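# Examining the three-dimensional arrangement
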Amino acid sequence: MPQALTLVSHPLCPYVQRAAVALAEKGMAFERIDIDLANKPAWFLQVSPLGKTPVLLVDGQPVFESAVICEYLEETAAPRLHPGDALARARHRGWMEFGSAVLSAIAAFYNAADEAALAARAKDLQRLFAQIEVQLGTRGEAGPYFSGADFTLVDAVFGPVFRYFDAFDRIGDFGVLTGLPRVAAWRAALAARPSVAGAAGADFGERLRAFLRARQGALAARMARRPPAPAAAVPA
């Protein structure tokens, strides 16, 4: 019998989004419950030992940590989103971890206290994406996805990563993705993927901008000084 799946979520959490993408790609029906991480309910702390989202409840049994959730889904449901070759799978898992490092660098960027720190953190991000540009150039075939024509869990990880830049691009040109055409094409392909587009709520952009304004750092100061630019089309 089909299992009852509940994804315990926070509206802004990119790690939740990667799990939601994997669920959608596998065509698995699930309920999504948002919680307030600043005021965690007691029941949530009982199912999330680390007090973090996401948690996937499988017939009430918790699976926590996004990477573990994705691997559980990979082991239990088709279609497969990892390569069939063991070495290729290991490399993809490494790039998934790289995606988590990019998210940490994004947090350092939006938490930068002043313009000098903001510029330095932008350069950190540019260096990371330059490595991805090189990796995308090693594909044996043209894109549109990380390893070519097939959508994989690496793509599920980076779809939420690029969503941040939809907000950053409205604030200013930080040069993070400048001169990286393969990254730009990958970003556009992921934005057009229904599973990626549907992994965040319709109000995600508004919520993220409110979150960034509340950080009270250099990025928030820029937002306060000027109205946001119109939302730009993702480059093709």
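All of the points below concern the structure found in this document. Note that the structure is a prediction, hence the values are computed from the model and not measured.

What follows is about the sheet that holds strand E1 (residues 5-9). Ordered by their spatial adjacency, four strands build an open sheet running E2-E1-E3-E4, and the pairing between neighbours is mixed. The open sheet has two edge strands with one neighbour each: strand E2 (31-34) and strand E4 (61-64). Put simply, the sheet's adjacent strands are angled 25° from each other on average, direction ignored. As paired elements, E1 and strand E3 (residues 55-58) share four bridges and run antiparallel to each other. From the neighbouring strand, threonine 6 faces E3, where its bridge partner is leucine 57. This element, helix H1 (residues 14-25), spans E1, E2 and E3 of the sheet and lies at about 155° to E1.

This paragraph deals with the side chain of arginine 18. Looking at the secondary structure, you find arginine 18 in helix H1. A polar contact is formed between the side chain of arginine 18 and the side chain of serine 100, at a distance of 3.4 Å. Arginine 18 has contacts with Ser66, Cys70, Gly99, Ser100, Leu103, Ala156, Val157 and Pro160, leaving out every residue within four places of it along the chain.

Our focus in this paragraph is the environment of phenylalanine 64. Within the secondary structure layout, phenylalanine 64 lies in strand E4. The class of phenylalanine 64 is partly exposed, set by a relative accessible area of 31%. A C-alpha to C-alpha distance of 19 Å links phenylalanine 64 and alanine 101, two positions 37 residues apart in sequence. For phenylalanine 64, the contacting residues outside a window of four places in its chain are Val47, Pro49, Leu50, Pro54, Val55 and Ile69.

Right, let's get into the nonpolar core. One finds Ile106, Phe129, Phe158 and Phe168 to be the most contacted residues of the largest nonpolar core, which totals 66 residues. Of the residues forming this core, the biggest block, 12 residues, is contributed by helix H6 (residues 153-171). In this view, phenylalanine 129 contacts Val102, Val161, Phe162, Phe165, Val176, Leu177, Leu180 and Val183; residues no more than four positions away in its chain are not counted. Among the nonpolar cores identified, the runner-up in size contains six residues, and Ile35, Phe44, Val47 and Leu57 belong to it.

Following the criterion strictly, the structure yields 16 aromatic pairs and no others. Between tryptophan 95 and phenylalanine 98, the aromatic rings sit 4.8 Å apart at their centres with planes inclined by 55°, giving tilted as the arrangement. Here phenylalanine 98 and tryptophan 95 lie together in helix H4 (residues 86-110), a separation of three residues that amounts to about one turn. Seen in terms of ring centroids, tryptophan 95 and phenylalanine 146 are 6.0 Å apart; in terms of plane orientation they differ by 55°. Their pairing is tilted. Of this pair, tryptophan 95 sits in helix H4 while phenylalanine 146 sits in the loop between helix H5 (115-136) and H6, and the two are 51 residues apart along the sequence. Take tryptophan 95 and phenylalanine 146: they sit in the same class, and that class is buried. For arginine 163, the ring lying beneath its charged end belongs to phenylalanine 204, and the centroid distance is 5.7 Å.

Time to look at unusual backbone geometry. Here the bond from threonine 53 into proline 54 is cis, since omega is 5°, no more than 30 degrees from zero. Counting through the fold element by element, proline 54 comes out in the loop between helix H2 (42-47) and E3. With an omega of 0°, the peptide bond between alanine 78 and proline 79 qualifies as cis. Despite not being glycine, aspartate 59 shows a phi value in the positive range, around 50°. Summarising the element assignment, aspartate 59 is placed in the loop between E3 and E4. A positive phi angle, close to 65°, is found at glutamine 216, a residue other than glycine. Examined against the element boundaries, glutamine 216 turns out to sit in the loop between helix H9 (204-213) and helix H10 (218-225). Accessibility expressed as a relative area gives 73% for glutamine 216, which makes it exposed.

Thresholds, definitions, all that
- All residue numbers refer to position in the chain's written sequence, counted from 1.
- pLDDT decides what is reported in this predicted model: residues at 70 or higher carry local features, side-chain atom pairs at 80 or more are listed and counted, and totals for whole chains, interfaces and linings draw on all residues regardless.
- Only hydrogens and water are set aside when side-chain values are computed; all heavy atoms of the structure are taken into account.
- Here the rule is simple: two strands pair whenever DSSP picks up at least two bridges between them.
- Think of it this way: any DSSP run of H or I at least four residues long counts as a helix, any run of E at least two long counts as a strand, and we number them from the N terminus.
- Axis definition: a line fitted to C-alpha atoms, limited for helices to the stretch in contact. Angles are taken between N-to-C directions and run from 0 to 180 degrees.
- Throughout, a contact is declared for two residues whenever any of their heavy atoms are within 4.5 Å.
- The term polar contact refers here to a pair of N or O atoms within 3.5 Å; inside protein, the definition further demands a hydrogen-donor-capable atom paired with an acceptor-capable atom, and it admits residues adjacent in sequence only when both atoms are side-chain atoms.
- Burial classes follow relative accessibility: with a 1.4 Å probe on protein chains only, a residue under 20% of its type's maximum area counts as buried, one over 50% as exposed, and anything between as partly exposed.
- Only buried residues count toward a nonpolar core. Its members are Ala, Val, Leu, Ile, Met, Phe, Trp, Tyr and Cys residues joined through side-chain atoms within 4.5 Å.
- A pair of aromatic rings is counted whenever rings of Phe, Tyr or Trp (Trp by its six-membered ring) have centres within 6.5 Å, and the orientation is called stacked for planes under 30 degrees apart, edge-to-face for over 60 and tilted otherwise.
- Comment: the charge-over-ring label is applied if NZ (Lys) or CZ (Arg) is within 6 Å of the ring centre and within 35 degrees of the ring normal.

Distances and angles like these do not, on their own, reveal function.
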